[in-house]
Amino acid sequence: MLPADDGFRTDIDPQDAFQVFSHELRLETLYALWEASNYALSFSELQSAVEERDSGKFTYHLEQLTGHFVREDDSEYVLQYAGHRVIDAIQSGVFTASPTVEPTAAPGQCPHCDGTPTFEYDSHLATIACPECATKLIEYPFDPGGFQDRSPTEAIRTFDERTKHKWRLASGGTCFVCAGCVEVEYVDSPTEIDKHDRYEEYFAAGQPAILHLDCTHCSFYSFVPVGVRLLDSPAVLGRLASHGLDISTQYLWELPFVTDPATTTVQSRDPWHVEITVPTETGSLTVDLDHEATVESITESL
Ligand SMILES: [Zn+2]
Ligand SMILES: [Zn+2]
């Protein structure tokens, strides 16, 4: 059972909950309800949809789902939120597919040399790199579902949108995987990164400091550039937009405060205080972040 000391009580043992994956008839039942109108079917409709003639066997498996994944409502069985989430996890493709994408031209420009970046996908990891100046600009996991019904360019745009969204949410303290609390702390980049094999060729290793994000509830953890916090500040975004730097039209890999280590300066480590300087066409915008990585002040120099 999950520990109860974090204020989280489970109604069902996780082992029991995952029994939903133990028999194909259970998943077929969830999928049949997903495809039905209003996500609901009568017993006979459901039995016919999964093509199981043995009523006893079908009743047994349906009972295992009823309560948490499926609700019995009058004469119908209705797919519940938990049932939707099982289908969503499967449809994301993470458990069932590991496609690869060879380096292909990505939209936007390399912020270092104005070259054309490339997008590459392997082992659920998407990488945006610039072959012209041999720089890895951004790297982050992406679900195979992102390629479904999209052209390669559309998938790359989706990777940008989704990664921005995830980084904003998690660096603001909310886990996008489980909705739990994410601890956000500054760490010295090379020292901390060396401890994690997964970050061996980390794109932000050259930054003087990065943010370690660690969910207190699930297994999610991540390291992101400190500049990501600027994406969550309407005041900063407003100032940047007035200088032509619009994050809704520019890709993550085009933002200097995300990809350029020179924009980040550690002012102090005890307590932590970090300054991000974003060049503008007339001067620069300096953003101070406090010990909790929250925007403290914005200074504009012409
Ligand atoms: Zn470049
Ligand atoms: Zn979490």
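**Thoughts on the UniProt feature "domain: DUF7347" (unreviewed entry) in the protein chain**
Here is step 1: When the UniProt feature table is mapped onto this chain numbering, "domain: DUF7347" (unreviewed entry) sits at residues 14-90.
Here is step 2: With 57% helix and 14% strand, residues 14-90 has end C-alpha atoms that lie 17 Å from one another.

**A word on the domain arrangement of the protein chain**
Here is step 1: Looking at the assigned domains, one finds that the protein chain contains domain 1 (14-91) and domain 2 (228-301).
Here is step 2: Using C-alpha coordinates to define each centre, domain 1 is positioned 49 Å away from domain 2.

**Observations concerning the coordination of the zinc ion (ligand 2)**
Here is step 1: Here the zinc ion (ligand 2) is held by Cys-175 (SG), Cys-178 (SG), Cys-215 (SG) and Cys-218 (SG), and the distances to it run 2.2 to 2.3 Å.
Here is step 2: Considering all 4 donor atoms around the zinc ion (ligand 2), angles at the metal cover 103 to 113 degrees and the coordination shape is tetrahedral.
Here is step 3: Read N to C, the donor residues that coordinate the zinc ion (ligand 2) are spaced as C-x2-C-x36-C-x2-C. Taken as a pair, Cys-175 in the loop between helix H6 (152-171) and strand E8 (182-188) and Cys-218 in the loop between strand E9 (209-215) and strand E10 (221-225) lie far apart in primary sequence, 43 residues in all.
Here is step 4: On the basis of relative accessible area, Cys-218 is assigned to the partly exposed category, the value being 25%.

**Remarks on unusual backbone geometry**
Here is step 1: Of note, the amide linkage connecting Asp-270 to Pro-271 takes the cis form, showing an omega dihedral of 0 degrees.
Here is step 2: Looking at the element boundaries, Pro-271 is found in the loop between strand E11 (264-269) and strand E12 (272-279).
Here is step 3: Here His-124, not a glycine, exhibits a phi torsion of approximately 65 degrees, which is positive.
Here is step 4: Among the secondary structure elements, His-124 is positioned in the loop between strand E5 (118-122) and strand E6 (125-130).
Here is step 5: The phi dihedral of Asp-149 falls on the positive side, at around 60 degrees, and the residue is not glycine.
Here is step 6: Position of Asp-149 among the secondary structure elements: in the loop between strand E7 (135-141) and H6.

What counts and how
- Numbers given to residues run from 1 along each chain, matching the order in which its sequence is written.
- Lettering for chains starts from A, numbering for ligands starts from 1, and both go in the order in which the items are written.
- Thresholds applied to this predicted model are a pLDDT of at least 70 for local features of residues and 80 or more for the giving and counting of side-chain atom pairs; totals over whole chains, interfaces and linings are not thresholded and use all residues.
- Only hydrogens and water are removed before side-chain values are computed, so all heavy atoms of the structure are retained for them.
- UniProt positions are given in the numbering used here, feature names are shortened, and annotations may be inferred rather than shown by experiment.
- Per the convention used, a helix needs a DSSP run of H or I reaching at least four residues, while a strand needs a run of E reaching at least two, with both numbered from the N terminus.
- Note that the domain bounds reflect an automated or database-derived domain assignment.
- As a rule, N, O and S atoms within 2.8 Å of a metal are its donors, except that Na, K and Ca use 3.2 Å; water is not among the atoms, so sites may look incomplete.
- A four-donor site is called tetrahedral if each angle lies between 85 and 135 degrees; a four-donor site is square planar, and a six-donor site octahedral, when trans pairs exceed 155 degrees and the remaining angles lie between 65 and 115; all other cases are labelled irregular.
- Per-residue accessibility, obtained with a 1.4 Å probe over protein chains only, is compared with the maximum for each type, and a residue is labelled buried under 20%, exposed over 50%, and partly exposed between these values.

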